[in-house]
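Here is what each chain is made of, one letter per residue.
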Amino acid sequence: MRPFFSIIIPLYNKENYIKETLTTALHQSFANFEIIIVNDGSTDNSVEQVKLFNDDRIHLINQNNQGVSAARNRGIEEAKSDLIVFLDADDLWMNNHLEELKKLYHDFPNCGMYCNRHKTKISNNKLISNSYANSIPDNFRGIIPNYFEANLVNRVSFTSSIMIPKGVIQKYNGFDTNISSGQDLDLWTRIGINYSVAISNKTTAIYRFEVVNSLSKTNFLSKRLIDLEKFKTFEVKNESLKTFLDIYRLEYAIQYRIAGDKKKSKKLVDEIKSQIPFKTRVLLHMPSYLLAFLLKIKHKLKHLGIDFTIYH
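Here is what the cut-offs are and how they apply
- Residues numbered from 1 in each chain as written.
- Predicted model: local features only at pLDDT ≥ 70, side-chain atom pairs only at ≥ 80, totals over all residues.
- Heavy atoms only, no water.
- Buried < 20%, exposed > 50% of the residue type's maximum accessible area, 1.4 Å probe, protein only.
- Helix = DSSP H or I, 4+ residues; strand = E, 2+ residues; numbered from the N terminus.
- Arc of directions from axis to C-beta.
- Disulfide = S-S within 2.5 Å.
- Patch = residues over 30% accessible without salt bridge, like charges linked within 9 Å, V, L, I, M, F, W, Y side chains within 5 Å.
- Areas by Shrake-Rupley, 256 points an atom, 1.4 Å probe, with all protein chains shown as cover.
- Salt bridge = Lys/Arg side-chain N within 4 Å of Asp/Glu carboxyl O.
- Phe/Tyr/Trp six-rings, centres within 6.5 Å; stacked < 30°, edge-to-face > 60°.
- Lys NZ or Arg CZ within 6 Å of the ring centre and 35° of its normal.
- Pairing = 2+ DSSP bridges.
- Contact = heavy atoms within 4.5 Å.
- Polar contact = N/O pair within 3.5 Å; in protein donor to acceptor, adjacent residues only side chain to side chain.
- Expected span 1.5 Å × (residues − 1).
- Axes fitted to C-alpha atoms, helices over the stretch in contact; angles between N-to-C directions.
- Parallel < 35°, antiparallel > 145°, perpendicular 65-115°, else oblique.
- Left-handed = near helix turned anticlockwise from the far one by under 90°.
- Nonpolar A, V, L, I, M, F, W, Y, C, P; charged D, E, K, R; others polar.

Engineer: So what exactly am I meant to see when it comes to helix α4 (residues 97–107) here?
Structural biologist: Note on helix geometry: an α-helix contains 3.6 residues per turn, so any two residues three or four positions apart are oriented the same way. For α4, the complete set of buried residues consists of H97, L98, E100, L101 and L104. The buried residues of α4 occupy an angular sector of 160° when the element is viewed end-on, so they sit on one face.

Engineer: Before we go on, may I ask you to explain the state of the cysteines in this structure?
Structural biologist: Covalent bonding between the sulfur atoms of two cysteines defines a disulfide. Throughout the structure, instances matching the rule amount to zero disulfides. Note on C111: no disulfide assigned, nearest cysteine sulfur contributed by C115 at a separation of 9.3 Å. Judged by relative accessible area, which is 4%, C111 ranks as buried. Look at C115 and you get buried, because its relative accessible area is 0%.

Engineer: Just to check I follow, could you spell out a nonpolar patch on the surface for this structure?
Structural biologist: A contiguous nonpolar patch, built from F293, L294 and I297 and spanning about 250 Å² of accessible area, is present on the exposed surface. Relative to the elements of secondary structure, L294 occurs in helix α12 (residues 288–303).

Engineer: What's the story with the pattern of salt bridges in this structure? I'm lost.
Structural biologist: Between side chains of opposite charge, pairing is possible as soon as their charged atoms come close. Tallying each qualifying case throughout the model produces 19 salt bridges. Among the ionic pairs, K80 bridges to E34, the shortest N-O distance being 3.8 Å. Of the two residues, K80 is situated in the loop between α3 (68–78) and β4 (83–86) and E34 in strand β2 (residues 33–40); the sequence distance between them amounts to 46 residues. The exposure class of K80 is partly exposed, given its relative accessible area of 48%. Among the charged side chains, a network of salt bridges with common partners joins E235, K242, D246, R249, K267 and E271.

Engineer: Would you take a moment to explain the packing of aromatic side chains for this structure?
Structural biologist: Within a pair of aromatic rings, the relevant descriptors are the distance that separates the centres and the angle that separates the planes. What the rule picks out here adds up to 16 aromatic pairs. Both rings, one in Y147 and one in F148, keep their centres 4.9 Å apart while their planes meet at 70°; by these two values the pair is edge-to-face. Using a relative accessible area of 7% as the deciding quantity, one classes Y147 as buried. By way of ring pairs, the aromatic residues Y147, F148, F220, F244, Y248, Y252 and Y256 are connected into one cluster. The ring centre of F175 lies 5.2 Å from the NZ or CZ of R72, which sits over that ring.

Engineer: Explanation requested: the pairing of strand β9 (residues 162–165) in the structure shown.
Structural biologist: Moving residue by residue along a regular strand, the side chains alternate between the two faces of the sheet. Of the two faces of β9, the one carrying I162 and I164 and the one carrying M163 and P165 are both buried. Looking at chain direction, β4 and β9 are connected through three bridges and run antiparallel. Looking at β9, one finds that V85 is bridged to M163. Bridge count between strand β6 (residues 113–123) and β9: two bridges; the pairing is antiparallel. By the bridge assignment for β9, Y114 is matched with M163.

Engineer: Explain the environment of R155 to me, please; I cannot follow it from the model alone.
Structural biologist: Examined against the element boundaries, R155 turns out to sit in the loop between α5 (147–150) and β9. Exposure remark for R155: the relative accessible area of 24% places this residue in the partly exposed category. In this structure, the C-alpha to C-alpha distance between R155 and D91, residues 64 residues apart in sequence, is 16 Å. Once you skip the residues sitting within four places of it in the chain, R155 turns out to touch H118, Y132, F244, I247 and Y248. Polar contacts involving the side chain of R155 include one to the main-chain carbonyl oxygen of N151, which spans 2.3 Å.

Engineer: It is not clear to me how helix α9 (residues 239–259) should be interpreted in this structure. Could you clarify?
Structural biologist: In a regular helix each residue adds 1.5 Å, so 21 residues correspond to 30 Å; α9 covers 30 Å between its end C-alpha atoms and thus fits that length. The element α9 is largely enclosed, with a buried count of 16 among its 21 residues. Between a side-chain oxygen at the N-terminus of α9 and the backbone nitrogen of S240 the separation is 3.1 Å; the capping residue is N238.

Engineer: How should I be thinking about the side chain of R249 in this particular structure?
Structural biologist: Relative to the helices and strands, R249 is located in helix α9. Every residue in contact with R249, bar those within four places of it in the chain, is listed here: L228, K232, E235, K242, L268, E271 and I272.

Engineer: For this particular structure, what's the right way to read the packing of helix α7 (residues 183–194) against α9?
Structural biologist: When two helices pack together, you describe them by how their axes are tilted relative to each other and by the distance separating the axes. At a minimum axis separation of 12 Å, α7 and α9 run at an interaxial angle of 165°. Classified by the angle between their axes, α7 and α9 sit roughly antiparallel to one another. As for the relative orientation of α7 and α9, their crossing is left-handed in sense. On the side of α7, the interface is formed by L185, T189 and I193, while α9 contributes L241, F244, Y248 and Y252. Among the residues making up the contact of α7 with α9, the classes are represented as six nonpolar, one polar and no charged.

Next up, the structure:
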């Protein structure tokens with residue numbers, strides 16, 4: 001029987017998490033799916049953890065390390081279903097995740113993206129909800145009236161909570177392998193510009209922020225970021241998109257300043273037309289060493305369960 005969903009899991013050195021993640025994927029109330037795990041050159045015991053499972057819905061593909069975008073693209077290529085569901089190797093699902101996505105797909109056909117709501121685990125004992133009440137009510141279910149406005153405070157399209165038709169992904173040639181940080185943001189933005197996006201009123205996924213992300217250890221100047229200039233013509237026609245992307249310009253500007261590249265930081269700030277919050281403007285005038293110290297404090301506070309943003 002052809003699977004209704006193809007679940008794509010990119011795997012790289014997640015031996016301490018993949019077993020729990022895979023367990024939540026297999027224990028879904030809707031069971032017609034395949035799981036394609038693309039092992040992207042793991043050097044730990046991640047593959048051995050996967051092999052503990054005896055389920056013919058699991059398909060393991062091994063490749064040399066090429067990055068998460070290449071791993072996801074490989075999984076999409078191998079998918080037997082026309083509906084692609086993403087799950088990162090350290091995130092978790094509740095057992096109704098696929099069932100709710102299936103209902104959403106049937107109730108609102110022809111969308112470019114389908115999203116369940118999610119919570120974020122910011123510390124061992126702290127889960128926070130992600131509200132979009134600035135744009136849509138917390139009990140809203142349907143096509144989002146203004147996708148980019150809904151994303152201004154919290155991100156609607158969290159990778160492990162969404163489903164996208166395979167044809168939509170292929171229209172944009174999948175994830176851009178030339179981007180090493182923000183590949184998912186790039187694809188979701190392209191889809192959000194051109195398609196309707198539907199959201200469920202059910203919370204079915206958990207993003208594990210408390211898991212150490214190896215990308216965070218990468219020097220910012222060595223990262224290949226999204227070229228936000230590609231969206232310029234669309235921003236002119238869509239004020240919410242402009243405001244949404246300006247948040248990332250601010251984030252990148254601060255990161256460049258921390259890394260010591262004031263020129264790139266200033267260039268990004270000059271491109272921002274939205275109002276920059278006072279606290280963010282203060283940060284942009286601080287010396288790099290102090291910004292780096294404050295960022296470390298912010299991350300430590302988040303791991304202790306205290307979360308806040310400097311971009312609103």
